[in-house]
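# What the coordinates show
The chain contents come next:
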Amino acid sequence: QSRVICAKDNAFHHDIAVAGDDTIYILEHKRALRPEVNPYHEVLDDYVTRLTHEGDIIDSVSLLDCILNSPCRSLLDRLVFETVDVLHANSVKLITEEQARAWPIARPGMVLVSLRELSTIALIDLSAQKVVWWNAEITRYQHEPIISPSGNILVFDNVWCKKRSRVLEFNPSTGGILWQYTG
C-alpha cells in the first residue's frame, strides 16, 4: 500500500529525475509575461524545479532564460505567437558521472531536456542557467532523449517523416545517426 509523502499545488508535468542524494528534479509550468518571447500574450515558461525529498522547493530555473542566455537563442524565432506552451518541455534527465565520462561536454548535475515545440534536445547547465549543447536538426516533436553508456543519445522522434515516428540513436558530437527504427 502506498502513502502520500508530500503534495504540491504547482503545475508539475511530464517527467521527474531523482539524484543520488534524493534531490528531485521536475518540470514545472509557470504562466508569465515574456515580451522578449511573445509581445502579445502570456506564455507558459517551463522550469526545472529542484525539491528536497520532503517536497520543499530548493530552486527553479527557467528554461526560457537558459535559452535567452545562450548562443541558441535564435531557436525562439521558430515560435508562433498564438502558441502559449512555447517550449513544451516533456523530458528531464539528470546527467550522471558515468554519462559525463562518456560525453565530454556534459557534467554531473546538468540536465538533458526535450523541448517539443522547438523540436530541440538541449543540455542545460542549471547553475550557469544556460544551454551548453543543443540539436534542433535531427528530430521533430521528440520525447524521452537519454544518454547511452557510449555517450550517444537515444530518442523517440514523434513526427519524423510523413507523420511517421521513429526511435533513433545519434552521436551528439557529430549529429550522425547510428541506427533508427521507423514506424
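Values in this document were obtained by computation on a predicted structure and should not be read as measured data. Every chain is numbered independently, its residues counted from 1 as its sequence is written. In keeping with the model being predicted, local features are shown solely for residues with a pLDDT of at least 70 and side-chain atom pairs are shown and tallied solely at 80 or more, while totals for entire chains, interfaces and linings include all residues. The side-chain numbers reported here are obtained from all heavy atoms of the structure, hydrogens and water having been left aside.

### Some details on the packing of aromatic side chains
By convention, a stacked pair of Phe, Tyr or Trp rings (six-membered ring in the case of Trp) has centres within 6.5 Å and planes under 30 degrees apart, an edge-to-face pair has planes over 60 apart, and any other such pair is tilted. One pass over the structure, following the stated rule, counts 1 aromatic pair. Between tryptophan 103 and tryptophan 133 the ring centres are 5.1 Å apart and the planes differ by 85°, which places this aromatic pair in the edge-to-face class. Of this pair, tryptophan 103 sits in the loop between helix H2 (97-102) and strand E6 (111-115) while tryptophan 133 sits in strand E8 (residues 130-135), placing them 30 residues apart in sequence. Like tryptophan 103, the residue tryptophan 133 is buried in the burial classification. We call a charge positioned above a ring when the Lys NZ or Arg CZ atom is no farther than 6 Å from the ring centre and deviates by at most 35 degrees from the ring normal. Its end group placed over the ring of tyrosine 47, lysine 30 keeps NZ or CZ at 4.2 Å from the ring centre. A run of DSSP states H or I qualifies as a helix once it reaches four residues; a run of E qualifies as a strand once it reaches two. Both are numbered from the N-terminal end. Throughout this description, buried means an accessible area under 20% of the type-specific maximum (1.4 Å probe, protein chains only), exposed means over 50%, and partly exposed covers the range between.

### Overview of the environment of leucine 178
With respect to the helices and strands, leucine 178 occurs in strand E12 (residues 177-182). Take leucine 178: its relative accessible area is 48%, and that puts it in the partly exposed class. Measuring from C-alpha to C-alpha, the distance between leucine 178 and leucine 168 comes to 7.5 Å, with 10 residues separating the pair along the chain.

### Observations regarding the state of the cysteines
Note on terminology: pairs of cysteine sulfur atoms within 2.5 Å are recorded as disulfides. As enumerated under the stated definition, the model contains 0 disulfides in all. Left without a disulfide partner, cysteine 66 is nearest to the cysteine sulfur of cysteine 72, which lies 9.1 Å away.

### Remarks on the sheet that holds strand E4 (residues 57-62)
One open sheet holds the 4 strands; their spatial order is E1-E2-E3-E4, and the pairing between them is antiparallel. At either margin of the open sheet sits one strand with a lone partner, and together these are strand E1 (11-18) and E4. Geometrically, the sheet is characterised by an average inter-axis angle of 30° between neighbouring strands, direction not taken into account. Here E1 runs beside strand E2 (residues 24-33); their pairing, made up of 6 bridges, is antiparallel. Within E2, the residue paired with phenylalanine 12 across the bridge is glutamate 28. Strand pairing is assigned whenever DSSP identifies at least 2 bridges connecting the two strands. Angles here are taken between N-to-C directions and fall from 0 to 180 degrees, while the axes themselves are lines fitted to C-alpha atoms, restricted in helices to the stretch in contact.

### Section: the confidence of the model for the chain
Detailed conclusions should not be drawn from predicted coordinates in areas where pLDDT is low. Residues with a pLDDT of 70 or more make up 99% of the chain, whose mean pLDDT is 92. Known as pLDDT, the predictor's confidence for each residue is given on a scale from 0 to 100. Highest mean pLDDT in the chain belongs to strand E7 (residues 120-125) (98); lowest belongs to strand E10 (residues 153-161) (86).

### Remarks on a negative patch on the surface
Together, Asp21, Asp22, Glu54 and Asp56 make up a region of like negative charge exposed at the surface. Here glutamate 54 lies in the loop between strand E3 (42-51) and E4. Like charges within 9 Å and nonpolar side chains (Val, Leu, Ile, Met, Phe, Trp, Tyr) within 5 Å are joined into patches, using only residues over 30% in relative accessible area that form no salt bridge. Under the convention used here, a 1.4 Å probe and the Shrake-Rupley method define accessible areas, while residue burial counts only the protein chains that appear. For this document, the term salt bridge refers to a Lys or Arg side-chain nitrogen within 4 Å of an Asp or Glu carboxyl oxygen. His is not counted here, nor are the chain ends, while Lys and Arg score as positive and Asp and Glu score as negative. We put the charge of a Lys on NZ, of an Arg on CZ, of an Asp on CG and of a Glu on CD.

### Things to note about the pairing of E2
The buried fraction of E2 amounts to 7 of the 10 residues, a majority that puts the element mostly inside the structure. What sits between E1 and E2 in their antiparallel hairpin is a turn of 5 residues, with aspartate 22 showing a positive phi close to 75°. Here E2 runs beside E3; their pairing, made up of 10 bridges, is antiparallel. Counted as the bridge partner of histidine 29 is aspartate 46 from E3.

### Thoughts on the sheet that holds strand E5 (residues 89-94)
Across the sheet, 4 strands lie side by side as E5-E6-E7-E8; this open sheet has antiparallel pairing. A strand with exactly one partner marks an edge of an open sheet, and here the two such strands are E5 and E8. Pairs of neighbouring strands in the sheet enclose a mean axial angle of 25°, with direction left out of account. Relative to E7, E6 runs antiparallel, the two sharing 5 bridges. Opposite leucine 115, over in E7, you have threonine 120 as the bridge partner.

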